[in-house]
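Residue-level listing of the chains:
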Amino acid sequence: MNTSHRILRTRRPVTYTVSVDCIPPCQPGLDFPPHAVRLASPQTGSCGSQAVTRYRQRLSRAICGARRPSRRRSIVGTPLENWVDDAARLTKPDRVVYCDGSSEEDERIIAEMLREGDSETLNEKTYPNCYLHRSSPNDVARTEHLTFICAPEKDDAGPTNNWMDPGAAKYKIGALFDGAMRGRTMYVVPYIMGPVNSPISKAGVEVTDSPYVVANMRIMARMGKVALDRIGSSSDFVPGLHSIGDLDPMRRYIAHFPQEKLIWSVGSGYGGNALLGKKCFALRIASYMAREQGWMAEHMLILGLESPGGKVTYMGAAFPSACGKTNLAMMVSALQDQGYRVWTVGDDIAWMKIADDGYLHAINPEAGFFGVAPGTGMLTNPNVMSALHKNTIFTNVAMTPDREPWWEGIGSPPPAGLINWKNEKWDTSKGPAAHANARYTVPARRSPSISPKWEAPEGVPISAFIFGGRRARVAPLVYESFDWQHGVFVGASMASETTAAATGNVGIVRRDPMAMLPFCGYNMADYFRYWLEMGKRIPHPPKIFHVNWFRRGADGKFLWPGYGENVRVLKWILERVEGACAAEETPVGLVPARNALTLDGLQISPGTMEELLSVNPEDWEDDLADSKLFFDKFGSRLPRELREEHEKLSRRLSTKGASLARSG
Ligand code: GTP
Ligand code: SPV
Ligand code: MN
C-alpha cells in the first residue's frame with residue numbers, strides 16, 4: 001500500500017511516498033497512529049529514495065550533530081561533552097545540569113519534580129522520603145507500537161520489530177526534539193549498568209528534561225560522579241536522548257540505533273519508555289552488543305536458591321512483563337523451615353558472560369526495582385513490602401487520606417476518602433484505584449532478600465534457565481527440556497497472555513520468545529541462532545525449564561497458589577540440576593514424577609496436581625499450529641534446528657508420546 005504522508009513540524013513541510021506496513025505483529029488491538037508510518041528502505045517505494053535523500057540534505061546541523069559521540073569531532077571537548085552540546089543545540093534547553101548523584105543534588109531534583117505539579121510527598125512519618133508521581137493518563141505503560149529498531153535494513157530488525165531507516169528516523173524524530181526543551185532544564189545523567197567494578201558493566205548517559213526520570217535513574221542505576229569518572233574522555237558509553245516532548249502519543253517515538261549504540265526517546269515520561277538504562281539500553285541495545293561481543297543480555301531475574309547446608313544455586317528466569325519475575329526473585333520461601341531460601345540478585349534483566357570456570361556468570365545491570373504495585377502485599381511479597389517504606393517513588397498508585405500509598409491487592413480494604421491514580425476522589429464506580437501498571441521504584445539493597453553476591457563483580461554462576469508465561473491452559477506447572485537445543489525451542493516457542501505493562505489489549509495469548517519479543521534489538525531469527533551457538537560455547541550450560549504459575553481450572557481460578565509456594569518448583573528444578581530426583585517423560589518434556597514435588601504443608605488435592613502437570617495433546621497440537629505460523633514469519637532465516645524440534649514435538653504428540661502424556 002502506498003500513502004502520502006507529511007513530516008511533522010518542519011519549517012517547510014515535505015511530502016513523500018512510502019510503503020506502509022500496517023499493524024506491527026507484536027501488538028494486537030492497536031492501530032498505528034498516522035505519524036508512525038514505517039518507512040520502507042530508501043531503495044524501495046516509488047519516490048521513497050528521492051525523498052529520503054532530500055531529508056538527509058535538509059537535516060539541520062543540530063540534528064546531524066546529535067548522533068553517537070565520535071572521538072574525531074572535536075579536539076576541545078570530550079566525546080561526552082560534545083554529544084551533550086549537540087543534544088542541547090537540538091533541544092534548546094534553558095540550562096544544562098550535569099548530575100553528580102549526590103544526596104544534595106537528589107534533594108534539588110526531587111524539589112524540581114514536586115514543583116512540576118505531578119508529584120507529591122507521601123506521609124513523612126510512615127513513608128519517609130517517599131513520593132507519589134502521577135503520569136499523564138495516556139502515558140502509563142510501554143508503547144510497543146511506537147518502539148523502533150532503526151537498522152540499515154528492515155531485515156536487520158526482523159519481522160517482530162517495528163523498523164525505520166536510521167536517516168529517516170533521525171530526521172523525523174529530530175524534528176520533534178528540535179526545541180523540545182525550551183524553557184526547561186536538560187539533565188545529563190551519566191550512569192553505570194552493573195556493579196561499578198564489574199568487567200561486565202557498561203556505561204550510559206541519558207540526557208532528559210524530566211526530573212522524575214532523573215530521580216528514578218538515581219535509584220535504578222549507579223548514577224552520577226561514579227559513572228562520569230568511568231567515562232572520562234572516552235567514547236565508551238551508550239548515549240540516550242530523552243525528552244517528554246508534549247506527551248502526546250501521536251508524537252511519541254522510542255527509537256534505537258543498534259549499529260550506533262544510540263537511543264532516542266521522545267513523548268513519554270513513563271518506565272521503560274523513559275528510563276533509558278532499562279529496556280532500551282540493557283536489553284535492546286545490549287542484546288545487539290552481546291551478540292557482537294559474545295555474551296548474553298536477557299529479560300531474566302536472577303535468584304539464588306539456598307538449600308539445607310547453605311549451598312546456593314543460581315537460576316535465571318525469563319517471564320514476560322508482569323508475569324512474576326519480581327515476585328519470584330524476592331519470594332519468602334514456603335519451605336524456609338526445611339532450609340530452602342531465596343536470595344535476590346536481580347528482578348528483571350541479566351547480563352551474562354562465560355567465565356573461566358566454564359559457567360555462564362550473570363550480573364544484574366540494575367540497582368533498583370521498578371516493580372508492579374497491584375497484587376503486591378504482605379501475603380504475596382513481604383520482602384518488597386518492607387522495602388517500600390522508605391526512599392521509594394510510587395507511580396500511579398492510589399493515596400489514602402493519611403497520604404499513604406494504596407493499591408488493589410495491598411492487603412487492606414480501600415479506606416474512605418481514597419484518591420485514585422488520576423488524583424480524583426475514588427469510589428467503586430471509578431474502577432481500580434491504582435492503575436494496573438502502577439509501579440514502585442526502590443533501591444535493590446533495601447530488600448531483606450538481597451543476595452550477599454548481588455554486586456559481585458564476577459557475577460553468579462547460572463545452573464538453570466527457567467522460561468515461563470501466563471497460560472490459562474496448555475503449559476504445565478513445570479517441565480524440563482530434553483537438552484539445550486530442545487530448551488532453545490521451548491524458549492523460542494514460548495507464549496503468554498498480554499498484560500498491562502504495555503499498552504494494548506490485555507489477556508491475549510501471543511508468542512513471546514524468551515520473553516524478549518519487545519526487547520530484542522535485532523532480527524529474532526538471528527537471536528535464536530545465537531542461543532543455539534551459545535549452548536555449544538558454554539562448557540557447563542544451564543539446564544532449561546519452563547514454568548506456568550497461571551494455569552486455571554474449570555472455575556476460572558488459578559490452580560496453583562503461586563508466590564512463596566513457587567519454591568516447591570524451584571526445589572524440584574534444583575534437584576534435577578543435581579540429578580537427584582525423578583521425572584516423567586511427556587511429549588513436551590520432563591515433568592515431576594508423582595511425589596517428586598515437595599507438597600507438605602500445602603492444601604492441594606491430588607486431582608489438582610494432576611491437572612497442573614497434565615499435557616493435553618489436543619491443546620498442544622493447537623499450540624504447535626500457532627508456533628508454526630510464528631516461526632514462518634522468519635522464513636529461511638529461522639535456524640533449521642527449531643524446525644526440527646517443532647517436527648519432533650509434533651511427532652511425539654501424534655505417535656507413541658501421546659499415550660505417555662499425563663492427562664488430567
Ligand atoms: P515486569 O516488572 O513488568 O517485568 O513484571 P514481573 O515479571 O516482574 O511481574 P511481577 O512479579 O511484578 O508480577 C506481576 C503480577 O503478577 C503482579 O500483580 C503479581 O502479584 C502477579 N504474580 C506474580 N507472581 C505470581 C504467582 O506466582 N501467581 C499469581 N497468581 N500471580 C502472580
Ligand atoms: C516491563 O514492562 O517489562 C517493565 C516495566 O519492567 S518497564 O520498565 O516499563 O519496561
Ligand atoms: Mn518486575
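Residues numbered from 1 in each chain as written. Chains lettered and ligands numbered in written order. Predicted model: local features only at pLDDT ≥ 70, side-chain atom pairs only at ≥ 80, totals over all residues. Heavy atoms only, no water.

### Thoughts on the packing of aromatic side chains
At step 1: Counted under the stated rule, the structure contains 26 aromatic pairs.
At step 2: With 5.7 Å between their ring centres and 70° between their planes, Phe528 and Phe634 make a pair best called edge-to-face. Here Phe528, found in helix H14 (residues 524-537), pairs with Phe634, found in the loop between helix H17 (617-632) and helix H18 (640-654); they are 106 residues apart in sequence, far enough to count as distant.
At step 3: Taking 5.4 Å as the distance between ring centres and 80° as the angle between the ring planes, the aromatic pair formed by Phe630 and Phe634 counts as edge-to-face. Each of the two residues, Phe630 as well as Phe634, counts as buried.
At step 4: Here the aromatic cluster, defined as three or more aromatic residues joined through ring pairs, consists of Tyr288, Phe465, Phe467, Trp484, Phe489, Tyr522, Tyr527, Phe528, Trp531, Phe630, Phe631 and Phe634.
At step 5: Here the guanidinium or amino end of Lys170 rests over the ring plane of Phe257, the centre of that ring lying 5.0 Å away.
At step 6: Above the plane of the ring of Phe550 lies Arg470, whose end atom (NZ or CZ) is 4.1 Å from the centre. (Phe/Tyr/Trp six-rings, centres within 6.5 Å; stacked < 30°, edge-to-face > 60°. Helix = DSSP H or I, 4+ residues; strand = E, 2+ residues; numbered from the N terminus. Buried < 20%, exposed > 50% of the residue type's maximum accessible area, 1.4 Å probe, protein only. Lys NZ or Arg CZ within 6 Å of the ring centre and 35° of its normal.)

### Some points on H17
At step 1: Here H17 contains 16 residues, and its C-alpha end-to-end distance of 22 Å stays within 8% of the 22 Å for a straight helix at 1.5 Å per residue.
At step 2: Asp619, Trp620, Asp623, Leu624, Ser627, Phe630 and Phe631 are the residues of H17 that are buried. Angularly, the buried residues of H17 cover 135° about the axis, an arc narrow enough to put them on a single face. Exposed side of H17, more than 90 degrees from the buried face: Glu618, Asp622 and Leu629 are the residues found there.
At step 3: Here H17 starts with a cap whose side-chain oxygen sits 2.8 Å from the backbone nitrogen of Glu618, and that cap is Asn616. (Expected span 1.5 Å × (residues − 1). Arc of directions from axis to C-beta. Polar contact = N/O pair within 3.5 Å; in protein donor to acceptor, adjacent residues only side chain to side chain.)

### So, the nonpolar core
At step 1: In this structure, Trp351, Phe394, Phe528, Trp531 and Ile573 are the most contacted members of the largest nonpolar core, which totals 159 residues.
At step 2: If you tally residues by element for this core, the top one is helix H10 (residues 277-293), at nine residues.
At step 3: Aside from chain neighbours lying at most four places away, what touches Ile573 is Met315, Ala464, Ile466, Val478, Phe545 and Val547.
At step 4: Within the second largest apolar cluster, 28 residues are counted, among which are Ala87, Leu90, Phe148 and Leu176. (Core = buried A, V, L, I, M, F, W, Y, C linked by side-chain atoms within 4.5 Å. Contact = heavy atoms within 4.5 Å.)

### Details of the side chain of Ser265
At step 1: Mapped onto the elements of the fold, Ser265 is located in strand S13 (residues 262-266).
At step 2: Overall, the relative accessible area of 0% leaves Ser265 in the buried class.
At step 3: What Ser265 contacts, discounting residues up to four positions off in sequence, is Phe177, Leu241, His242, Ser243, Tyr253, Ile254, Asn273 and Leu276.

### Points about the site of ligand 1
At step 1: Ligand 1 sits among 22 residues. The nearest are Ala322, Lys325, Asn327, Arg439 and Tyr563.
At step 2: Within the side chain of Asp348, one N or O atom sits 3.3 Å away from an oxygen atom of ligand 1.
At step 3: Contacts to ligand 1 include Arg470, whose side-chain N or O atom sits 3.0 Å from an oxygen atom.
At step 4: Those elements giving two or more residues to the shell around ligand 1 turn out to be helix H11 (325-329) and strand S20 (368-372).
At step 5: Top element by residues in the shell around ligand 1 is H11. It accounts for three residues.
At step 6: Broken down by class, the residue content of the shell around ligand 1 amounts to 10 nonpolar, eight polar and four charged. (Near = heavy atom within 4 Å. Nonpolar A, V, L, I, M, F, W, Y, C, P; charged D, E, K, R; others polar.)

### Points about the pattern of salt bridges
At step 1: Applying the stated criterion to the full structure yields 41 salt bridges.
At step 2: A salt bridge links Glu578 to Lys311; the shortest N-O distance between them is 3.2 Å. On the criterion of sequence distance, the pair formed by Glu578 in the loop between helix H15 (567-577) and strand S30 (583-585) and Lys311 in the loop between strand S15 (301-306) and strand S16 (312-318) is long-range, its members being 267 residues apart.
At step 3: For Lys311, a relative accessible area of 49% gives the class partly exposed. (Salt bridge = Lys/Arg side-chain N within 4 Å of Asp/Glu carboxyl O.)

### Looking at the confidence of the model for the protein chain
At step 1: Here the protein chain shows a mean pLDDT of 90. Residues at 70 or above account for 88%.
At step 2: Below pLDDT 50 for its whole length, residues 1-61 participates in 131 contacts with residues either more than four positions away or in separate chains. (pLDDT = per-residue confidence, 0-100.)

### Comments concerning the packing of helix H13 (residues 484-492) against H18
At step 1: As a packed pair, H13 and H18 sit with axes 9 Å apart at the nearest point and diverge in direction by 90°. When the interaxial angle is binned, H13 and H18 end up roughly perpendicular. When H13 is examined against H18, the residues Gln485, His486, Val488, Phe489 and Ala492 are found in contact with a partner set consisting of Glu641, Leu642, Glu644, Glu645, His646, Leu649 and Arg652.
At step 2: Of the residues in the contact of H13 with H18, the class split is five nonpolar, three polar and four charged. (Axes fitted to C-alpha atoms, helices over the stretch in contact; angles between N-to-C directions. Parallel < 35°, antiparallel > 145°, perpendicular 65-115°, else oblique.)

### Regarding the site of ligand 2
At step 1: Around ligand 2 sit Arg142, Gly271, Gly272, Lys278, Lys279, His299, Ser321, Asp348, Phe370, Arg439, Ala501 and Phe519, and that is every residue in its neighbourhood.
At step 2: Between ligand 2 and Gly272, the relevant distance is 2.8 Å, taken from an oxygen atom to a main-chain nitrogen or oxygen of the residue.
At step 3: Listed by contribution, the elements that provide at least two residues to the shell around ligand 2 are helix H9 (271-274) and H10.
At step 4: Of the residues in the shell around ligand 2, the class split is three nonpolar, four polar and five charged.

### Things to note about unusual backbone geometry
At step 1: Backbone geometry places Lys261, a non-glycine residue, at a positive phi of 55°.
At step 2: Mapped onto the fold, Lys261 is located in the loop between strand S12 (253-257) and S13.
At step 3: Taking the relative accessible area as the measure of exposure, Lys261 reaches 12% and is therefore buried.

### Some details on the packing of helix H4 (residues 103-115) against helix H7 (residues 211-220)
At step 1: Remark: H4 packs on H7, axes separated minimally by 8 Å, with the N-to-C direction vectors making an angle of 145°. Here H4 runs over H7; the crossing is left-handed. In this structure, H4 contributes Ser103, Asp106, Ile109, Ile110, Glu112 and Met113 to the contact, and H7 contributes Pro211, Tyr212, Val214, Ala215 and Arg218.
At step 2: Partitioned by chemical class, the residues of the contact of H4 with H7 number seven nonpolar, one polar and three charged. (Left-handed = near helix turned anticlockwise from the far one by under 90°.)

### Focus on the sheet that holds strand S4 (residues 119-121)
At step 1: Taken in spatial order, the five strands make up an open sheet running S4-S5-S21-S24-S20, and their pairing is mixed. Two strands in the sheet have a free side with no partner beyond their single neighbour: S4 and S20. Ignoring which end each strand starts from, the neighbouring axes of this sheet average 20° apart.
At step 2: Sheet analysis places strand S21 (residues 393-395) next to strand S24 (residues 439-443), joined by three bridges and oriented antiparallel. By the bridge assignment, Phe394 is partnered in S24 with Tyr440.
At step 3: Sheet strands in contact with H4 are S4 and strand S5 (131-133), and its direction is about 120° off that of S4.
At step 4: Seen against the sheet, H7 touches S5, S20, S21 and S24 and runs at an angle of roughly 115° to S20. (Pairing = 2+ DSSP bridges.)

### Quick word on the side chain of Glu298
At step 1: Here Glu298 shows up in strand S14 (residues 296-298).
At step 2: Buried within the structure, Glu298 lacks any salt-bridge partner; its nearest side chain of opposite charge belongs to Arg291, at an N-O separation of 11 Å.
At step 3: A distance of 2.5 Å separates the side chain of Glu298 from the side chain of Tyr527, its partner in a polar contact.
At step 4: The residues touching Glu298, leaving out its near neighbours within four places in the chain, are Leu283, Asp348, Ile349, Ala350, Met352, Met514, Met516, Tyr527 and Trp531. (Lys, Arg positive; Asp, Glu negative; His and termini not counted.)

### Remarks on H15
At step 1: By the criterion of burial, H15 is predominantly enclosed, with 10 of the 11 residues buried.
At step 2: When H15 is considered as a whole, its buried residues turn out to be Val567, Arg568, Val569, Leu570, Lys571, Trp572, Ile573, Leu574, Glu575 and Arg576.
At step 3: In the stretch just after H15, Gly579 is the one whose phi turns positive, near 70°.

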